[in-house]
Each structure stands twice: as C-alpha cells, then as structure tokens.
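Chain by chain, the residues run as shown.
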Amino acid sequence: MRAWPALLLLAYAAYGDGLLVAILRGGPDGPWPLAPAPLLGLALAVAPAAWCARLFAVRARRRLAAGRSLRDVAAAVRPLLALAVVSYAVALTALLAAAGAAVAAVRPADSHADGGGSGAFAAFGGVSGFLAAVALGVLLFAARLLTVHGFPEPAAAGLLGACAAEALAPASLLAGRLPGCEVLARPVEAAVVAWGPGAVPALVCGVAALALLARAAAVLARASAHAAP
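Conventions used here
Residues numbered from 1 in each chain as written. Predicted model: local features only at pLDDT ≥ 70, side-chain atom pairs only at ≥ 80, totals over all residues. Heavy atoms only, no water. Helix = DSSP H or I, 4+ residues; strand = E, 2+ residues; numbered from the N terminus. Buried < 20%, exposed > 50% of the residue type's maximum accessible area, 1.4 Å probe, protein only. Contact = heavy atoms within 4.5 Å. Areas by Shrake-Rupley, 256 points an atom, 1.4 Å probe, with all protein chains shown as cover. Expected span 1.5 Å × (residues − 1). Bend = angle between axes of the 7 residues up to and from the residue. Phe/Tyr/Trp six-rings, centres within 6.5 Å; stacked < 30°, edge-to-face > 60°. Axes fitted to C-alpha atoms, helices over the stretch in contact; angles between N-to-C directions. Parallel < 35°, antiparallel > 145°, perpendicular 65-115°, else oblique. Nonpolar A, V, L, I, M, F, W, Y, C, P; charged D, E, K, R; others polar. Arc of directions from axis to C-beta. Left-handed = near helix turned anticlockwise from the far one by under 90°. Core = buried A, V, L, I, M, F, W, Y, C linked by side-chain atoms within 4.5 Å. Disulfide = S-S within 2.5 Å.

J.: Just to check I follow, could you spell out the overall build of the protein chain for this structure?
T.: In terms of helices and strands, the protein chain carries nine helices and zero strands. Looking at the 229 residues of the protein chain, the share that counts as buried comes to 45%. Considering only contacts within the protein chain whose residues lie at least 6 apart along the sequence, 74% involve residues at least 24 apart. Accessible area for the protein chain stands at about 11,400 Å²; split by element, carbon and sulfur atoms hold 69% of it.

J.: Which parts of the structure should I look at to understand the side chain of S172?
T.: Inspection of the secondary structure assignment puts S172 in helix α7 (residues 152-175). Residue classification places S172 among the buried residues on the basis of a relative accessible area of 12%. Apart from residues lying up to four places away in sequence, S172 is in contact with L184, A185 and V188.

J.: What should I look at first to understand helix α1 (residues 3-24) in this one?
T.: Along an α-helix, residues three or four positions apart point the same way, because every turn accommodates 3.6 residues. With 22 residues, α1 extends 31 Å from end C-alpha to end C-alpha; this agrees with the ideal 32 Å at 1.5 Å per step. If you look at α1, its biggest bend is around 50°, right at Y15. Positive backbone phi, approximately 100°, marks G26, located one or two places after α1.

J.: Got a minute to help me understand the side chain of D17 in this structure?
T.: Within the element layout of this structure, D17 appears in helix α1. D17 has contacts with Y12, F124, P197, G198 and P201, leaving out every residue within four places of it along the chain.

J.: Help me understand the packing of aromatic side chains in this model?
T.: Centre-to-centre distance and the angle between the planes together describe a pair of aromatic rings. Using the criterion set out here, one finds two aromatic pairs in the structure. Considering the side-chain rings of Y88 and F141, the 4.5 Å spacing of their centres and the 20° angle between planes classify their relative orientation as stacked. With Y88 in helix α4 (residues 70-106) and F141 in helix α6 (residues 127-148), this pair connects stretches of sequence that are 53 residues apart. Neither residue differs from the other here; Y88 and F141 are each classed as buried. For the ring pair F124 and F130, a centre distance of 5.2 Å and an interplane angle of 90° mean the geometry is edge-to-face. You can call F130 buried: its relative accessible area is 6%.

J.: Honestly, the packing of α1 against α6 in this entry has me stumped. Any pointers?
T.: Their axes nearest at 11 Å, the elements α1 and α6 cross at an angle of 170°. Here α1 is positioned roughly antiparallel relative to α6, judged by the angle of their axes. Listed contacts from α6 to A6, L9, L10 and A13 of α1 are L136, L139 and L140. Taken together, the residues of the contact of α1 with α6 sort by class into seven nonpolar, no polar and no charged.

J.: Where do I start with helix α2 (residues 36-44) in this structure?
T.: Taken as a whole, α2 has its buried residues at A37, P38, G41 and L42. Buried residues of α2, viewed axially, fall in a sector of 125°; they line one side.

J.: What is the right way to read the packing of α6 against α7 from this model?
T.: Angle between the axes and distance between the axes are the two parameters that describe a pair of packed helices. Two numbers describe how α6 lies on α7: the axes approach to 7 Å, and their chain directions differ by 155°. As the angle between them shows, α6 and α7 are arranged roughly antiparallel. In terms of crossing hand, the pair formed by α6 and α7 is left-handed. Contacts from L139, L140, A143, L146 and T147 of α6 reach α7 at P152, P154, A155, L159 and A162. Broken down by class, the residue content of the contact of α6 with α7 amounts to nine nonpolar, one polar and no charged.

J.: Got a minute to help me understand the nonpolar core in this structure?
T.: If you look at soluble globular proteins, the nonpolar side chains tend to sit buried side by side. If you look at the biggest cluster of nonpolar residues, it comprises 48 residues, and the most contacted ones within it are L9, F56, L92, L139, F141 and L220. Only α1, α2, α3 (46-66), α4, α6, α7 and α9 (199-219) provide two or more residues apiece to this core. Formed by 10 residues, the second largest nonpolar core is a distinct cluster that contains L20, L173, V188 and V192.

J.: Looking at this structure, how should I read the environment of V193?
T.: Its place among the elements puts V193 in helix α8 (residues 186-195). The class for V193 is exposed, based on a relative accessible area of 72%. Distance in space between the C-alpha atoms of V193 and L24 is 9.8 Å, their sequence separation being 169 residues.

J.: Please clarify how the state of the cysteines should be interpreted in this entry.
T.: Between two cysteines, a covalent bond joining their sulfur atoms is known as a disulfide. Applying the stated criterion across every chain yields a total of zero disulfides. With no disulfide of its own, C163 has C205 as its nearest cysteine by sulfur position, at a separation of 8.5 Å. By relative accessible area, C205 is classed as buried at 1%.

Purely geometric numbers; function is a separate question.
This is how it looks when you write it as structure tokens:
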C-alpha cells in the first residue's frame, strides 16, 4: 500500500472541514484553520493498531496450524478478525476522545467555533467530525490488515476511492458557483447544514471502511493469507 493516499486522507482530516466551511461562507479568502485533534488521536492509535494487527496475525496462524480443513480455518479466523477490528475501534475511540479533550483544554476558543459545542466533540467540530475520525482510523486499519496479509490492491483501491470522494465535496461546492450549476453544490450543502462538515468524511470513510472490512472478511479467512512468509 502506497503511503500517499493515506496522507491525503489525513490532510483532509486536518484541513477538509475548515475548507468546506470557508467555501460555504464565500471563501476561502485566506488560510483556514487546522483541526489538530484527529491527527493527534490517530497518531496515538498507531500503537494499538500495530498490537491488534499483530495479535490477529499470531492467533490466525495458530488456528491455521490446528485447523483440520479450510472451512475450519475460515470459521475460526473470521471471529478473530472481528475481535481485532472491534478492539482497535474501542481503543481508537477512547484515544480520539482524549485527544479532543486535550485540544479543547489547550485551545478552548477554537473548540467552540462553528457550533462545535463543548467537551471532547468540540475539538472535532461536533459529533459528525468525531465519527469521521473514527471512520478514518478504521479505514486505515482495514487497509493495513489487507496489505500486510498480501492484498495491497483492494486496500489501495479503497483509500484512493475515499480520496476521490472527499476531493469531490469541495469541488462540487466551487462548481456550484458557476451560473446554472447551483444544483451540484446542494447535496454537500444540505449535509453540512444538517450534520456539520464532518458528515462528508464520516460518510465517505465509513462506506470505504465497510467495503474493505467486507473484503477482508472474505480474503483473510483463506489459509494462504496466513502462511508464514
């Protein structure tokens, strides 16, 4: 898996919501604010991601060694995959909440901007922004699992698709400024007004993460995915 799609997704997590708000307000007229909470939380979640991925790999190989048939291996590996994903998602959620609380304490004025409210969610611009960070973390974790077990192509496709969909959001808002093209901006405008700017990456990364997890459930249940290198 190449790193640049993941870097683009992280860049959107830091700057994308601010860009959408700036465009909706008629800008951008200058630099828009950075959102540090998602990057801090995801950075803290690197260690749990590595631990969960390693634990899954070790236990899956044990099941492979003890399995009597390919069906037995698949039946044993899928619960392990689900456990790894859920364990990481729980750790990620806790770390993102801690990161949001830390940012809100250090930068209270920024945390309450744009109706973010109070508490840990405020540093993410609201609940939708927090969910977007969780979805991004799970997406990156699913891509990592697929890559390290020999399936980099679907991982790259999922990340690239998410990048393209996120880039389409501000592009559609800008295209909506053209005469007769207002309809292009309405879906994104409606989503941002109803749920906040974090609704866009939450939906995009959530769908991409589910797609990669479905693919992982299929291919990582194969015995060949856990053979010793």
